[in-house]
Number of protein chains: 2
Amino acid sequence: MIEVVPNVSEGRDPETISRIADAIRAVPDVLFLHVTSDPDHNRSVFTYASENGPALVQATLALFEIAVERIDLRHHTGEHPRVGAVDVVPFVPLKGAAMAECVALAEETGRLVAERFNIPIYLYEEAARAAHRRELPIIRSGGFENFAKKITDRQWQPDFGPAAVHASAGVSIIGARVPLIAFNVQLNTERIDIAEKIARSVRGVSGGLRYVRALPIHLHRRGIVQVSMNLLDYRKTPIHRAFTLVREEASRFGVDVLSTEIVGLIPEEALYAAAEWFLRIENFDPSIVLERRIEQRQK
Amino acid sequence: MIEVVPNVSEGRDPETISRIADAIRAVPDVLFLHVTSDPDHNRSVFTYASENGPALVQATLALFEIAVERIDLRHHTGEHPRVGAVDVVPFVPLKGAAMAECVALAEETGRLVAERFNIPIYLYEEAARAAHRRELPIIRSGGFENFAKKITDRQWQPDFGPAAVHASAGVSIIGARVPLIAFNVQLNTERIDIAEKIARSVRGVSGGLRYVRALPIHLHRRGIVQVSMNLLDYRKTPIHRAFTLVREEASRFGVDVLSTEIVGLIPEEALYAAAEWFLRIENFDPSIVLERRIEQRQK
C-alpha cells in the first residue's frame, strides 16, 4: 500500500476542493482517504492510497488537471509558503511497500506532469537527484514570487519540464518520503513574534529537535497564532516530545497551548506512543490493544 | 464478538497457567487473546473471544476443570482479594454483541459449573439477580476465609450450586459487564499507607471518581507499592483522569508515579482518548487515524 499526500494551494474555494476530491474518487482502485483545508494557510492536503501504482499516478494527474486550471498563484495569498498551484506531492510507503517503488512513481508522475502541463518539476527527499535539492524548505525558499529568478540559477534547473516557471501554476515539487505528521499547535496569544521564537527553538535546523520543521503562522480568523510543524520522523522525534517542548517554550512567555491539530492523517503507532509516554505504561506493546490482538489472531 | 476475561487465583505456577491457556486454545472457534500473571497478586487474567457463544462456554468449562483440579485456596496466599480458584468470570460484549447475550452465556456457564464441579455460583453486574449482589467487591468481601459463614446468610444463598463452599475451590462469581480497563499505578515508595490513602481518594465509593475501584497492593518483589485500579466505564471516567488524579494525590506525599501497567488488554478507543487529551488535539476523531481510515474505505 502506497499513500500520496499532495498539498494544493487552495484552502478557500469549496468548488475547487470538491472537484479535486471527486476526480481522485473517480479513479478505480484508489482509496480516497482524507482532505483537510485551511483558509488562513489557503491550502488543502489530500490523502489517497492504493496497492496499484499506476492508479495513483492517474489520480495525481487528475488532481493536477483541476488545480492547474483553477488556481492562479499570481492572485494567491496565504500564510503558508508555496511555489506551485500543486505545491508538493509526496509518495509514502505504508505497510508492505518499498521506498524504491515510491521513488519510481514520483519520477513517472513528474515526467508526465511536465509533459502534459509544461510545469517545471523538482524531485525531493528520497527521489532527489542532488544533495542540495533534498529538503523541501530549501527548494521552496523564496516562494513563487522569486522563482522566476531562482530557476535561472544552474543549481536550480528543474528535473523535468521547462526552465521557466509556469505563469499561473508555478513549479511543483514531487518526491518520496517516510510517513510524516503535520501537527499544529495553537497558542493563546496573537503575538506572532512569540510563535516565531518558539518555532526557532523547536525546529531541528536551528538547534531544536532533529526531525521537526516549524513555522509561525497567524490565524487571523481566530485571532491567535500557531506553531505549524512537520514531524519528519515521528519514531525518532515523537509527537509528545514536540508538544511538550512547545508548551515549555511557550510558558517562558507566559503563554499556554490552547489546542493542537492533526493535518491529514496520523499513524496509529504515533498515538499509541503518546498514550504510552504520558501514562507511563511500562508494559506497552501494540498487541495489548484489544482490536489489534483480535486482528492478529484472526489472520 | 464476545470476550471472556476469567481471573484465576494462580500467578506463580507456570504449569497451571500454561495448561489452562492450552485448554482454551484447543476449543475450535475461540480466539485465545492474552494471559497475564502476577506473582505478588498470585493471580492470572485470561482473555479469549469468539462470535460463537457455546464455544466460549466450553472454553470456560475447560478452564474450570484445570483450575479446580490444581488450585487449593486453603494453601493460597496473595495480595489480591479472592473467593475462588476461578475467582471471577465476566462475559463482555464487543462490537456487534448484545449485553443480553452475555447475560445468557453467564447464566448457562454458572449452571454448568455448579452442576459439574459442585461449586456455589454468584451472578454479578448485568447478570445479577438482586441489587445487593451486583457489585463484585461486595460479593467478594470477607474473602475465601470467611465465606463458609457468609454463605449461610439468607442474603448470600448462591444463584446456582450448593449452599456450601467448595473445600479447595471456594465459590465463583460469574456475570456480564461492559469492557473494563485494569490499570495499575506503581509508586516510588514502599509505604503501603500512602497507597491506601491514594486508593481511598480516587475510588468512587469513598468520594473519588465515579467509575474507579482502587486497592493498595504491596509489590514485595519490587520493594514498592501499587494502586491497583479497575476502570469500570472508561468512557465516563477515562484512564488519563484516573492517572492524573493518582499522580496529584501522590505528589501531596512527595511521591511520584514510577510507571503504570495495563493488565490484560485495552480498547483502542481508551488510548486514543488519552493521546487526544494529553496532546490537546482539537480535531480528533478515530477516523483521522491512518489505519482506521484505510480499513473503513476498504469495507
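These numbers were taken from a predicted model, which means no experiment stands behind them.

About the thresholds
Per chain, residues are indexed from 1 in the order of the written sequence. Chains carry letters from A onward and ligands carry numbers from 1 onward, assigned in written order. In view of the model being predicted, local features appear only for residues whose pLDDT reaches at least 70, and side-chain atom pairs are presented and counted only at 80 or more, with totals across whole chains, interfaces and linings using the full set of residues. Think of the side-chain values as coming from all heavy atoms in the structure, minus any hydrogens and water. Least-squares superposition of the copies uses the C-alpha atoms of those residues scoring a pLDDT of at least 70 in each of them. Only protein chains enter the calculation, and the probe is 1.4 Å; a residue is then buried if its accessible area is under 20% of its type maximum, exposed if over 50%, and partly exposed in between. Helix and strand definitions here come from DSSP, where helices need a minimum of 4 consecutive H or I residues and strands a minimum of 2 consecutive E residues; each element is numbered from the N-terminal end. At least two bridges found by DSSP between two strands are what make those strands a pair. A helix is expected to span 1.5 Å for every residue after the first. Scored from 0 to 100, pLDDT reflects the predictor's confidence in each residue. Only buried Ala, Val, Leu, Ile, Met, Phe, Trp, Tyr and Cys residues count toward a nonpolar core, and they belong to the same one when joined by side-chain atoms within 4.5 Å. Whether two residues are in contact is decided by their heavy atoms, any of which lying within 4.5 Å being enough. Defined here as a combined quantity, buried area equals the accessible surface (1.4 Å probe) lost by two parts on assembly, summed across both. For this analysis, a salt bridge means a side-chain nitrogen from Lys or Arg found within 4 Å of a carboxyl oxygen belonging to Asp or Glu. Within 3.5 Å is the distance limit for a polar contact, defined as a pair of N or O atoms, with the added protein rule that one can donate a hydrogen and the other accept it, and that residues adjacent in sequence qualify only through two side-chain atoms.

Caption draft 1: The relation of the copies chain B and chain A, seen in detail. Placing chain B over chain A gives an RMSD of 0.0 Å and needs a rotation angle of 180°, together with 0.0 Å of translation along the axis. Such values leave the two copies arranged in the relation of a two-fold axis. For chain B, the minimum C-alpha distance to the rotation axis belongs to B:Ala275 and amounts to 2.4 Å.

Caption draft 2: Focus on the pairing of strand 10 (residues 224–231) of chain B. Residue and element names in this part refer to chain B. Of all eight residues in strand 10, seven are buried; the element is thus mostly enclosed. With seven bridges connecting them, strand 8 (residues 181–187) and strand 10 associate as antiparallel partners. Bridged to phenylalanine 183 within strand 10 is methionine 229. Judged from the eight bridges that link them, strand 9 (residues 212–219) and strand 10 form a sheet pairing that is antiparallel. Across the sheet, the residue bridging to alanine 214 is methionine 229, located in strand 10.

Caption draft 3: View of helix 8 (residues 268–279) of chain B. Compared with the 16 Å implied by 1.5 Å per residue over twelve residues, the 16 Å span of helix 8 of chain B between its first and last C-alpha is a close match. Along helix 8 of chain B, the positions that sit buried rather than exposed are B:Glu268, B:Ala270, B:Leu271, B:Tyr272, B:Ala274, B:Ala275, B:Phe278 and B:Leu279.

Caption draft 4: Highlighting the confidence of the model for chain A. Confidence in the prediction for chain A averages 96 pLDDT; 100% of positions are at 70 or higher. Taken over the whole predicted complex, pTM reads 0.85, whereas the ipTM for its chain interfaces reads 0.86.

Caption draft 5: Structural view of the nonpolar core. Counting residues in hydrophobic clusters, the biggest one holds 100 residues, and the most contacted among them are A:Leu187, A:Met229, B:Leu187 and B:Met229. Among residues more than four places away in sequence, those in contact with A:Leu187 are A:Ala195, A:Ile198, A:Ile224, A:Val225, A:Val227, A:Val246, A:Ala250, A:Val255, A:Asp256, A:Val257 and A:Leu258. With 47 residues, the next largest nonpolar core counts A:Ile2, A:Ile17, A:Val86 and A:Val103 among its residues.

Caption draft 6: Examining the interface of chain B and chain A more closely. Each side of the interface is counted separately: chain B has 46 residues, and chain A has 46 residues. Note on chain B versus chain A: buried area summed over both sides is about 4200 Å², and carbon and sulfur give 62% of it. If you sort the residues of chain B by the area they bury against chain A, B:Leu279, B:Arg280 and B:Leu290 come out on top, with a joint share of 17%. Seen at the junction of chain B and chain A, the total is six salt bridges. One salt bridge connects B:Arg292 with A:Glu268, and the closest N-O pair in it is separated by 2.7 Å. For the pair chain B and chain A, the number of links is 34 residue pairs in polar contact (both at pLDDT 80 or more). Among the secondary structure elements, those contributing two or more residues to the side of chain B that touches chain A are strand 3 (31–38), helix 7 (239–251), strand 11 (257–263), helix 8 and helix 9 (290–298) of chain B.

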